[in-house]
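Summary of structural features
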Amino acid sequence: MPRQLPADCLNEIFDYLENDKITLYSCLLVNRLWCEIAVRILWKDVFCSSTPCPRVVLSLLSPIIACLPNESKDLLYKNGIFFKTSTWKPPLFNYASYCKILSINKIDQMIQNAFLQNLNSDKELILQEILKVLMSQISSLKSLDYSKCPMNVKLINFPGAKDCLMNLTELSCCSTDKYSELSPICHNIQSLTVEFGDFISNGLKDLISLQHNLKNVTLIYSYISLLNRTSGMEIITSSLSNFSLTLTRLKIIEYCIPLSFISCFINLQELILSYEYDDGLNDFDQLQYIKFPRLKVLKFLYMIPKVDMLIKFLEINGKNLDELYTGEYDRSLNLAIAEFCSNLKILFVMFINVGLDTLGIILKSCQYLESINIWCNYIDKKRFLEVLAKNTPKNFSELKIYYIFDQIHPDELEEFFINWKIHMPRRSLSLVIIKSICLEVNVETMKLIEKYVEMKLIKFRIKIYDEKED
């Protein structure tokens, strides 16, 4: 009789498969032990699902509804909220206790999708009872998205909430009253996302100041007018300056905060600045001469600073960069990347037809380059792929192509595959097409890609373009 692997070994193996849901679902069917371990991992972030399918959503909600105490079930029943009798049966596992990552907005959307009707106050009642059982059963929640939460829902009022939230390490929040609610309990947050408008409460200042080891901060200005994007900057800068040694990742979206305050974060490893209007980068001159000895990732998702300032910054910090993202073309900037950023592994940079020679210069200089991103809209795709194939660094393995308005012709793509095989005969290429949701990839292109996947020359996947992604 074959011996069973011990539970701790299975735990490590299944943790490695965390993002491979299909394989984990198959593990459910092997035996009781495998099922118990796979269920724990599958339910870790089950409420982060974005599926709109009512049947799938209801299948995720039903086990949690089955975990509700009798008093909650009676309350829902008295308010005319009925479920199939199967949801009242005791569940095989205490599914609620396995949840470690919660998005209240996602749960709210799932309830709406599951019942396909305007539940109004009934929807909030279901949400309240689900959150109540989650707070009482989860021993230690790790990540909470508390944004877009109904105003009358206060987690801290639910039994068990203090113990559940005490060791929270990731928090995303946008409501001003939620900061004061969480600040007395949550002191171990390492990753904080703050979304705000024209008012910042002192509760946020308290929440930030009470943290022990804050490492990752995202500041999002989301007010529709964008007229007061300097709101509360004193609170933000004074609070965050206390973490000058621990903060390693900073992302700022549309918030016109003085960039000089970034200079205090001497251990910064990742800096992401996203401004659709260049006024947010007007004072980048305050950063151009600052050295960040541990900076590995630098991204400008829309506008970039004045090119001469950015080049000076790269001259000082470019050698340490592993990843660089610039969303605008400038010839002198591309040449500076080749000169100062020779250790890059991932690059997203714009090219135009007259500047494609700079691609060859970058590829020859950046010999550690593993991945490059290309927008199809503005360049001669055939020439780009020819330059890429002929100058590919030895570690190069991934090409990301953005299909937003335009596509690469199948003949051009096949010529690239043939050239790749000649120049890199022993290395497979990972091809990622990132497309707009309304654009379908050409049928002939898909047939061509399938052909080369079968030949094991390439690996392939499609992603939907998301402006919110880094």
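Residues numbered from 1 in each chain as written. Predicted model: local features only at pLDDT ≥ 70, side-chain atom pairs only at ≥ 80, totals over all residues. Heavy atoms only, no water.

Attention now goes to the nonpolar core. Grouped together as the largest cluster of nonpolar side chains are 147 residues, with contacts concentrated most on Phe-47, Leu-134 and Ile-262. The residue makeup of this core includes at least three contributed by each of domain 1 (1–43) and domain 2 (45–168). In contact with Leu-134, not counting residues within four places along its chain, are Phe-47, Ile-64, Ala-96, Cys-99, Leu-102 and Ile-107. Counting nine residues, the second-largest nonpolar core is a separate cluster that includes Ile-272, Phe-348, Met-350 and Tyr-402. (Core = buried A, V, L, I, M, F, W, Y, C linked by side-chain atoms within 4.5 Å. Buried < 20%, exposed > 50% of the residue type's maximum accessible area, 1.4 Å probe, protein only. Domains from an automatic or database assignment. Contact = heavy atoms within 4.5 Å.)

Next up on the list: the packing of helix H1 (residues 7–16) against helix H3 (residues 32–42). As a packed pair, H1 and H3 sit with axes 10 Å apart at the nearest point and diverge in direction by 40°. When the axes of H1 and H3 are compared, the pair comes out oblique. As H1 runs across H3, the sense of the crossing is right-handed. Along the contact surface, H1 presents Ala-7, Leu-10, Asn-11, Phe-14 and Asp-15, while H3 presents Leu-33, Trp-34, Ile-37, Ala-38, Arg-40 and Ile-41. Residue composition of the contact of H1 with H3, by class: eight nonpolar, one polar and two charged. (Axes fitted to C-alpha atoms, helices over the stretch in contact; angles between N-to-C directions. Helix = DSSP H or I, 4+ residues; strand = E, 2+ residues; numbered from the N terminus. Parallel < 35°, antiparallel > 145°, perpendicular 65-115°, else oblique. Left-handed = near helix turned anticlockwise from the far one by under 90°. Nonpolar A, V, L, I, M, F, W, Y, C, P; charged D, E, K, R; others polar.)

Now for the side chain of Asn-267. Tracing the sequence through the fold places Asn-267 in the loop between strand S6 (249–253) and strand S7 (270–274). Looking at Asn-267, its side chain comes within polar contact range of the main-chain oxygen of Leu-245, at 2.8 Å. Among the polar contacts made by the side chain of Asn-267, one reaches the side chain of Arg-294 at a distance of 2.8 Å. Aside from chain neighbours lying at most four places away, what touches Asn-267 is Ser-244, Leu-245, Leu-247, Thr-248 and Arg-294. (Polar contact = N/O pair within 3.5 Å; in protein donor to acceptor, adjacent residues only side chain to side chain.)

Read these as geometric descriptors, not functional statements.
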